[in-house]
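Architecture at a glance
Each chain is listed here by its residues.
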Amino acid sequence: MPTSRSYGDACTIARALDVVGERWALLVVRELLLGPQRFSDVRRALPGASSNLVTDRLRELTGHGVVARRRLPPPAASTVYELTEWGRELEPVVLALGAWGTRIPLPRSASLGATSVLLFLRGSARPRATACYRIELDARVWTVRTEPGRLTVEPGAPGDPDATIRTDPRTLNTLLDRPSELDEAIGDGRMTIDGDRNAVRRLLREHES
């Protein structure tokens, strides 16, 4: 059930936590940082949360004005959730929390989602060339575009990508750390590439360690 618990503390930190402090709330926000998502997308990205719990968090965040629910026009005709203007102001907070958490040991059984890897790529990339990529991760498609000094990520497929990458989040994360293993990942089937393979090598190498 949705919660209405409050710290009852006038401090602005406590008041913020009244809105986004419930378990999974900030991870729901994380999943929406790259653009609107369907409920099924958010649910799949949070395998440790039940459908009812994700529903409750989305309902609470919508009620607080952090998230908005919108019906897409035909032919899509599906409902998506997206951050409001106020909700988007949480992005630097969430990213700073992620940076702070890098020193915390990684649990052995921890999952790694597409959004987390793509947020890391977006934040660390320092591209020098213009290119467009179609990236398929966990049965979802993303458009990644680069131009000198900037990389953008958005859900959905581009019209005419320079390269299409199909892999899983953990493999992509590994290759961002060790780009030299690309041929090995292709050879053992963890990644497939259609199009300009050199553009993919460039994408993997043009980020900060």
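None of these values were measured; they are calculated from a predicted model.

To find the voids left in a structure, one rolls a probe of water-molecule size over its atoms. In the structure shown here, the tally under the stated rule is 1 cavity of 30 Å³ or more. Considering only enclosed or pocket space, the largest cavity measures out at about 30 Å³ in volume. As for the largest cavity, its lining consists of Ala 125, Pro 127, Tyr 133, Thr 146, Leu 151, Arg 202, Leu 203 and Glu 206. Grouping the constituent residues of the lining of the largest cavity by class yields 5 nonpolar, 1 polar and 2 charged.

An order of β1-β3-β2 is seen for the 3 strands of this open sheet, with the pairing classed as antiparallel. Looking at the sheet topology across the chains shown, the edges are occupied by β1 (37–38) and β2 (67–71). Of the strand pairs in this sheet, β2 and strand β3 (residues 79–83) are connected by 5 bridges, and their pairing is antiparallel. Bridged to Arg 71 within β3 is Thr 79. Sheet strands touched by helix α2 (residues 25–32): β1, β2 and β3. Its angle to β3, the strand with the most contacts, is close to 100 degrees.

The next thing to look at is the nonpolar core. Leu 118 and Tyr 133 are the most contacted members of the largest nonpolar core, which has 47 residues in total. Looking at this core element by element, the count peaks at 5 residues for helix α7 (residues 114–124). Each of domain 1 (12–101) and domain 2 (114–206) contributes no fewer than three residues to this core. If we ignore the near neighbours within four places in the chain, the residues touching Tyr 133 are Trp 142, Thr 143, Val 144, Thr 146, Pro 158, Pro 161, Ala 163, Ile 165, Ala 199, Val 200, Arg 202 and Leu 203.

Next up on the list: α2. Side chains three or four residues apart in an α-helix point the same way, a direct result of the helix having 3.6 residues per turn. Among the 8 residues of α2, 6 are classified as buried, and the element is accordingly described as predominantly covered. Residues Ala 25, Val 28, Val 29, Arg 30, Glu 31 and Leu 32 constitute the buried set of α2.

A separate point is the side chain of Thr 171. Examined against the element boundaries, Thr 171 turns out to sit in helix α8 (residues 169–177). Taking the relative accessible area as the measure of exposure, Thr 171 reaches 5% and is therefore buried. Polar contacts involving the side chain of Thr 171 include one to the side chain of Asp 168, which spans 2.8 Å. Not counting the four nearest positions on each side in its chain, Thr 171 is found in contact with Ala 185 and Arg 190.

Segmenting the protein into domains produces domain 1 (12–101) and domain 2 (114–206). Put simply, the middle of domain 1 and the middle of domain 2, counted by C-alpha atoms, are 24 Å apart. With both chains or domains summed, domain 1 and domain 2 bury close to 920 Å², and 53% of this area falls on carbon and sulfur atoms. Inspection of the domain 1/domain 2 interface yields 2 salt bridges.

Bridge count for strand β4 (residues 131–137) against strand β5 (residues 140–147) is 7 bridges, and the pairing is antiparallel. Residue pairing in the sheet places Ile 135 in a bridge with Trp 142 of β5. Note: β5 against strand β6 (residues 150–155), 6 bridges, orientation antiparallel. When the bridges of β6 are listed, Thr 146 appears paired with Leu 151.

Criteria and cut-off values
- Residues numbered from 1 in each chain as written.
- Predicted model: local features only at pLDDT ≥ 70, side-chain atom pairs only at ≥ 80, totals over all residues.
- Heavy atoms only, no water.
- 1 Å grid on protein atoms, 1.4 Å probe; cavity = no way out; pocket = protein on both sides within 12 Å on 5 of 7 lines; lining within 4 Å.
- Points joined across faces, edges and corners; volume = space filled by probe spheres on them.
- Nonpolar A, V, L, I, M, F, W, Y, C, P; charged D, E, K, R; others polar.
- Pairing = 2+ DSSP bridges.
- Helix = DSSP H or I, 4+ residues; strand = E, 2+ residues; numbered from the N terminus.
- Contact = heavy atoms within 4.5 Å.
- Axes fitted to C-alpha atoms, helices over the stretch in contact; angles between N-to-C directions.
- Core = buried A, V, L, I, M, F, W, Y, C linked by side-chain atoms within 4.5 Å.
- Buried < 20%, exposed > 50% of the residue type's maximum accessible area, 1.4 Å probe, protein only.
- Domains from an automatic or database assignment.
- Polar contact = N/O pair within 3.5 Å; in protein donor to acceptor, adjacent residues only side chain to side chain.
- Buried area = accessible area lost by both parts, 1.4 Å probe.
- Salt bridge = Lys/Arg side-chain N within 4 Å of Asp/Glu carboxyl O.

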